[in-house]
Amino acid sequence: MTARGRLPVVYLPEADERLSSWAARMAPFYAMTVSEFVAALGLKGHDVFDLEWRLSEGQGALIAARTGLALEAVQAMTFLELGAAARMMIARKNRYYCPHCPEEPQRKPTALPWRFRCPVHGVEFRDATGETLSDRFGTDCFKKLEGHAEAGAAHLDAWARGAEQGDLEAPDVLQVLTARHRRASPPNVGEQPRMSLEDRRDYHDFLTTPILRQALTVVVPEYDQVAPVLAKPVRPGLHALAQGSLLQCFALTVGVGRIIEDPVKWAISVMLESDAEGQGRVRQAISPWPLSLRRSISARFWRAERDERARQSAEKAARQRQSHKYRLIQSHKYRYRIS
């Protein structure tokens, strides 16, 4: 096949198909590798994933002239609408899979970490083990979380496309969710599986492994309950979404949705659960937030902390009164040797 003239056979792109997926379907028809096919389009030396990310108008015109596709159709296969900061989020292949979709074509929404349903069939994506989020959380819990996830996904979409996001930008919210609010500690009793004494000896290293404690588990306690113990921590900031598992990305998207709905409430909830060092890290994470929000957080946190101290003092006093309460029947009133 020469590098001039229009190709005799050209597949039409599917809805939301990626340029890399379209090239991967076209190349075998002409008995070529993808890189050879890209070179035959007049773009020798260019990586298809780089073209998919930022296709110049001239490069798009070359593909259009060689294939007969409209320039708009070629550009629609790229991520031209996304900002530069979102590039790290885009996976080279589908992040998760739909049981009803063939391996090809690969669609643009499936490359983004905040999409959890197939855009064609509407069913939940599955991870590499075949598990869905409903399997992990339970159907009822997942349905309750899905509304927050949709709000978080809309916020992340707006950030990726450079649209207006209101008071809080997505990276600033993710910094709070991934902030370490407590000192690292081994799994507590509630996180440990039931084990015999012999198994505890065998798994001593696991039971004593310190785990990072992040604000995500406070904002999304449902994730804290179902996530594997050693896999609970996520990477900091944007890397958490870019490199997270299906479960982690869903929890982060839910967390984004909850925080943008009520940022003051969730910031205070995290700080109340934090230790002294963790509070400092959380305050640093919310420092890019608008001044009005930070003032509201400071004022309400002072009151919440005061109320929490009063509640703990009342509970302590109640326990002390209970421990000093006399028994109605004294031991000497029982029969001999029974007390």
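J.: Got a minute to help me understand the overall build of the protein in this structure?
T.: Looking only at helices and strands, the protein has 17 helices and two strands in total. A globule of 339 residues ought to have a C-alpha radius of gyration of about 20 Å, yet the protein, at 28 Å, is considerably larger. Counting only C-alpha atoms and orienting by the principal axes, one finds that the protein spans roughly 110 × 50 × 35 Å. Burial analysis of the protein (339 residues in total) assigns 42% to the buried set. When contacts within the protein are restricted to residue pairs at least 6 apart in sequence, long-range pairs at least 24 apart make up 64% of them. Only carbon and sulfur atoms are counted for the fraction: they give 51% of the accessible area of the protein, which is about 19,000 Å². Seen as two clouds, the 48 positive and the 40 negative side-chain charges of the protein have centres 9 Å apart.

J.: For this particular structure, what's the right way to read the packing of aromatic side chains?
T.: Centre distance and the angle of the planes are the two values used to describe a pair of aromatic rings. Following the criterion strictly, the structure yields eight aromatic pairs and no others. Pairing Tyr 11 with Phe 29 gives two aromatic rings, centres 5.9 Å apart and planes at 70°, and the pair type is edge-to-face. Remark: Phe 29 occurs in helix H1 (residues 19-29) and Tyr 11 occurs in the segment before H1; sequence separation between them is 18 residues. Note on Tyr 11: relative accessible area 28%, which makes it partly exposed. On the basis of relative accessible area, Phe 29 is assigned to the partly exposed category, the value being 43%. With a centroid separation of 5.0 Å and an interplanar angle of 80°, the aromatic rings of Phe 29 and Tyr 30 are classed as edge-to-face. Linked through ring pairs, Tyr 11, Trp 22, Phe 29, Tyr 30 and Phe 37 together constitute an aromatic cluster. A cation sits over an aromatic face here: Arg 54 above Trp 53, 4.5 Å from the ring centre. Note that Lys 108 overlies the ring of Phe 79, its terminal NZ or CZ placed 5.7 Å from the centroid.

J.: Honestly, the confidence of the model for the protein in this entry has me stumped. Any pointers?
T.: Low pLDDT marks stretches whose predicted atomic positions should not be read closely. When pLDDT is averaged along the protein, the result is 88; 94% of the residues meet or exceed 70. Per-element confidence in the protein is highest for helix H11 (residues 216-219), whose mean pLDDT is 97, and lowest for helix H10 (residues 204-207), whose mean pLDDT is 76.

J.: What is the right way to read the side chain of Thr 78 from this model?
T.: Take Thr 78: it is sitting in the loop between helix H5 (71-75) and helix H6 (133-137). When its relative accessible area of 0% is taken as the criterion, Thr 78 is described as buried. Of note is the side chain of Thr 78, whose polar atom sits 2.7 Å from the backbone oxygen of Gln 75. In contact with Thr 78, other than residues within four places in its own chain, are Leu 19, Leu 51, Glu 52, Leu 55 and Lys 108.

J.: Explain the environment of Leu 51 here, please?
T.: Mapped onto the fold, Leu 51 is located in helix H3 (residues 48-53). For Leu 51, a relative accessible area of 4% translates into the label buried.

J.: Help me understand unusual backbone geometry in this model?
T.: Residues apart from glycine generally show negative phi values, whereas peptide bonds are mostly found in trans. At Asp 16, a position not held by glycine, the phi torsion is positive, near 60°. If you trace the backbone, Asp 16 turns up in the segment before H1. Positive phi, normally seen in glycine, also occurs at Ala 31, with a value near 55°. Of note, Ala 31 is situated in the loop between H1 and helix H2 (34-40).

J.: Please clarify how the packing of helix H7 (residues 139-160) against helix H14 (residues 246-261) should be interpreted in this entry.
T.: Any two packed helices are characterised by the angle at which their axes cross and by the distance between the axes. In the contact formed by H7 and H14, the axes pass within 7 Å of each other and the chain directions differ by 75°. Judged by the angle between their axes, H7 and H14 are roughly perpendicular. Between H7, through Phe 142, Leu 145, Glu 146, His 148, Ala 149, Ala 151, Gly 152, Ala 153, His 155 and Leu 156, and H14, the contact on the second element is made entirely by Phe 250, Thr 253, Val 254, Val 256, Gly 257, Arg 258, Ile 260 and Glu 261. Broken down by class, the residue content of the contact of H7 with H14 amounts to 10 nonpolar, five polar and three charged.

What counts, and where the lines are drawn
- Each residue is numbered by its place in its chain's sequence as written, counting from 1.
- Selection of residues for local features in this predicted model requires a pLDDT of at least 70, selection of side-chain atom pairs for listing and counting requires 80 or more, and totals for whole chains, interfaces and linings are taken over all residues.
- The side-chain values count all of the structure's non-hydrogen atoms but skip hydrogen atoms and water molecules.
- Numbering goes from the N terminus for both helices and strands, where a helix is a DSSP run of H or I of at least four residues and a strand is a run of E of at least two.
- Just to be clear, the radius of gyration here is over C-alpha atoms, and the globule rule we use is 2.2 Å times residues to the power 0.38.
- Each residue is placed in one exposure class: buried if its accessible area under a 1.4 Å probe, protein chains only, is under 20% of its type's maximum, exposed if it is over 50%, and partly exposed if it falls in between.
- The contact criterion used throughout is that any non-hydrogen atoms of two residues lie within 4.5 Å.
- Values of accessible area rely on a 1.4 Å probe in the Shrake-Rupley scheme; residue burial ignores everything except the protein chains shown.
- Charge assignment in this entry is limited to Lys and Arg as positive and Asp and Glu as negative, and neither His nor the chain termini are counted.
- Where a charge sits is defined by one atom per residue type, namely NZ (Lys), CZ (Arg), CG (Asp) or CD (Glu).
- When the centres of two rings from Phe, Tyr and Trp lie within 6.5 Å, Trp using its six-membered ring, the rings pair. Their planes under 30 degrees apart give stacked, over 60 give edge-to-face, and anything left gives tilted.
- Both a distance and an angle decide whether a charge sits over a ring: NZ of Lys or CZ of Arg must be within 6 Å of the ring centre and within 35 degrees of the ring normal.
- Scored from 0 to 100, pLDDT reflects the predictor's confidence in each residue.
- As used in this structure description, the phrase polar contact means that two N or O atoms lie within 3.5 Å; if the pair is within protein, one of them must be able to donate a hydrogen and the other to accept it, and residues adjacent in sequence are counted only when both atoms belong to side chains.
- Lines fitted to the C-alpha atoms define the axes, with helices restricted to the stretch that makes contact. Angles between their N-to-C directions range from 0 to 180 degrees.
- When an angle is under 35 degrees it counts as roughly parallel; over 145 it counts as roughly antiparallel; between 65 and 115 it counts as roughly perpendicular; any other value is oblique.
- Here the nonpolar group is Ala, Val, Leu, Ile, Met, Phe, Trp, Tyr, Cys and Pro; Asp, Glu, Lys and Arg are the charged ones; every other residue, Gly included, is treated as polar.

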